[in-house]
Amino acid sequence: MASEDVFDQFDEEEQQVEGQSFTKAGRKRLFSKELRCMMYGFGDDENPYTESVDILEDLVIEFITDMTHSAMEIGRSGRVQVEDIVFLVRKDAKKYARVKELLMMNEELKKARKAFDEGKFAGNEVPNNGNCSIAK
């Protein structure tokens, strides 16, 4: 009977409520869809076991929580800043390289959005035929 109690804690069935999945304990599953896709991309079955996804999601949430708590202790109390995360992963070469890559991509996307928005607004302006100058 004691072994059944041990297995009961791992027997969490998902329930669907308006498109969101929850465990029996009431925790919302935040990353299930993304993790399933990632698992498939890394060679798992197209429909991996729900238990595998749940365990992986628990690990991801634990990692994020630990990193967030650590970052809150390093920088300004109660705030997490990008520099704090970079500081935490500085000794792990793979994580550090990935964080730097994502930050550079974020900057490039910001610049592209800004250029697109400026180009969109420039298309709506009255064309300058050379008779007057427009100061920006």
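Just so it is clear, the structure is predicted and the values come from calculations on it, not from any experiment. Residue positions within a chain follow its written sequence, with the count starting from 1. The predicted nature of this model means local features are confined to residues of pLDDT at least 70 and side-chain atom pairs, given and counted, to a pLDDT of 80 or more, with totals for whole chains, interfaces and linings taken over all residues. With hydrogens and water stripped out, all remaining heavy atoms of the structure feed into the side-chain values.

1. Description of a nonpolar patch on the surface
To count toward a patch, a residue needs a relative accessible area over 30% and no salt bridge; like charges are then connected within 9 Å, while nonpolar side chains (Val, Leu, Ile, Met, Phe, Trp, Tyr) are connected within 5 Å. What sets the accessible areas is the Shrake-Rupley method with a 1.4 Å probe; for residues, cover comes only from the shown protein chains. Criterion for a salt bridge: a side-chain nitrogen of Lys or Arg within 4 Å of a carboxyl oxygen of Asp or Glu. Taken together, Ile55, Leu56 and Leu59 make up a surface patch of nonpolar side chains, about 270 Å² in accessible area. The helix and strand labels rest on DSSP assignments: H or I over at least four residues marks a helix, E over at least two residues marks a strand, and numbering proceeds from the N terminus. Here Ile55 shows up in helix H3 (residues 50-74). Buried, partly exposed and exposed residues are distinguished by accessible area as a fraction of the type maximum, computed with a 1.4 Å probe on protein chains only: under 20%, between the cut-offs, and over 50%, respectively. Residue class for Ile55 comes out exposed when judged on its relative accessible area of 54%.

2. Re the packing of aromatic side chains
Think of it this way: a Phe, Tyr or Trp ring, Trp meaning its six-membered ring, pairs with another when their centres are within 6.5 Å, and the plane angle makes it stacked under 30 degrees, edge-to-face over 60, tilted otherwise. In this structure the tally under the stated criterion is zero aromatic pairs. Positioned above the aromatic ring of Phe87, the side-chain terminus of Arg90 is 3.8 Å from the ring centre. Any Lys NZ or Arg CZ found within 6 Å of a ring centre and within 35 degrees of that ring's normal is scored as a charge over the ring.

3. A closer look at H3
In a helix, the anticipated span is given by 1.5 Å times the number of residues less one. The end-to-end C-alpha distance of H3 is 36 Å, a good match for the 36 Å that 25 residues give at a rise of 1.5 Å each. Close packing links the buried residues of H3 with helix H2 (32-41) and helix H4 (82-88). We call two residues contacting when some pair of their heavy atoms lies within 4.5 Å.

4. A few points about the packing of H2 against H3
Whenever a helix is involved, its axis is fitted only over the stretch in contact; in every case the axis is a line through C-alpha atoms, and angles between N-to-C directions fall within 0 to 180 degrees. Contact geometry of H2 with H3 gives a least axis separation of 10 Å together with a crossing angle of 110°. Viewed along their axes, H2 and H3 adopt a mutual orientation that is roughly perpendicular. Taken together, the residues of H3 that come into contact with H2 (itself represented by Ser32, Leu35, Arg36 and Met39) are Thr50, Ser52, Val53, Leu56, Glu57 and Val60. Each residue gets one of three labels, nonpolar for Ala, Val, Leu, Ile, Met, Phe, Trp, Tyr, Cys and Pro, charged for Asp, Glu, Lys and Arg, and polar for the others, Gly among them. In terms of residue class, the contact of H2 with H3 is built from five nonpolar, three polar and two charged. In these notes the angle categories are as follows: under 35 degrees is roughly parallel, over 145 is roughly antiparallel, 65 to 115 is roughly perpendicular, and the rest is oblique.

5. A look at the environment of Pro48
Among the structural elements, Pro48 can be located in the loop between H2 and H3. Given a relative accessible area of 6%, Pro48 falls into the buried group. It is 9.6 Å that separates the C-alpha atoms of Pro48 and Leu35, two residues lying 13 residues apart in sequence. Setting aside anything within four residues of it in sequence, one finds Pro48 in contact with Arg36, Met39 and Val53.

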